[in-house]
Amino acid sequence: MDGSGKIVRYNMAFVHHLVCQVDNGRVLGYDNAHSFHERHFLGQASTAVFVSFAATLQHFLNEVDEMKAKH
């Protein structure tokens, strides 16, 4: 966070080595480690649309819940 409480860097990851053997087991992740917003899924990275941290967190949690429900 910066001095005003704004989140400036984030990294969320769902790791499961039995599901994904690449990318250190990261099945799903969102981050802005390279100065832009990315979505990682099963070893592939793509640019992610960013509205807010809260929206990205909720989207990440929803995706994890969907994946867990399928297994």
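Worth saying up front: this structure is predicted, and the values here are computed from it rather than measured.

A look at the sheet that holds strand S3 (residues 38-41)
Move 1: What the four strands build is an open sheet, ordered S1-S2-S3-S4; its pairing is antiparallel. Each end of this open sheet is capped by a strand with a single partner; those strands are strand S1 (11-15) and strand S4 (44-47). Taking each pair of neighbouring strands and ignoring which way they run, the sheet shows an average axis angle of 10°.
Move 2: In this sheet, S3 lies alongside strand S2 (residues 26-31) in antiparallel orientation, the contact comprising four bridges. Following the sheet pairing, Gly 29 is matched in S3 by His 40.
Move 3: Contacting S1, S2 and S3, helix H1 (residues 53-70) crosses the sheet at an angle of about 170° to S2.

Some words on the side chain of Glu 38
Move 1: For Glu 38, the position within the fold is in strand S3.
Move 2: In this structure Glu 38 is buried but unpaired, with Arg 26 as the nearest side chain of opposite charge at 6.7 Å.
Move 3: In contact with Glu 38, other than residues within four places in its own chain, are Gly 29, Tyr 30, Asp 31, Ala 45, Ser 46 and Ala 48.

What about the pattern of salt bridges?
Move 1: Tallied over the full model, the rule gives three salt bridges.
Move 2: In this structure, Arg 39 and Glu 63 form a salt bridge, with 2.6 Å as the shortest nitrogen-oxygen distance. In this pair, Arg 39 sits in strand S3 while Glu 63 sits in helix H1, placing the two residues 24 residues apart along the sequence.
Move 3: Taking relative accessible area as the criterion, Arg 39 reaches 23% and is therefore assigned partly exposed.
Move 4: Taken together, the shared-partner salt bridges connect Asp 23, Arg 26 and Asp 31 into one network.

Thresholds, definitions, all that
Residues numbered from 1 in each chain as written. Predicted model: local features only at pLDDT ≥ 70, side-chain atom pairs only at ≥ 80, totals over all residues. Heavy atoms only, no water. Pairing = 2+ DSSP bridges. Helix = DSSP H or I, 4+ residues; strand = E, 2+ residues; numbered from the N terminus. Axes fitted to C-alpha atoms, helices over the stretch in contact; angles between N-to-C directions. Contact = heavy atoms within 4.5 Å. Buried < 20%, exposed > 50% of the residue type's maximum accessible area, 1.4 Å probe, protein only. Lys, Arg positive; Asp, Glu negative; His and termini not counted. Salt bridge = Lys/Arg side-chain N within 4 Å of Asp/Glu carboxyl O.

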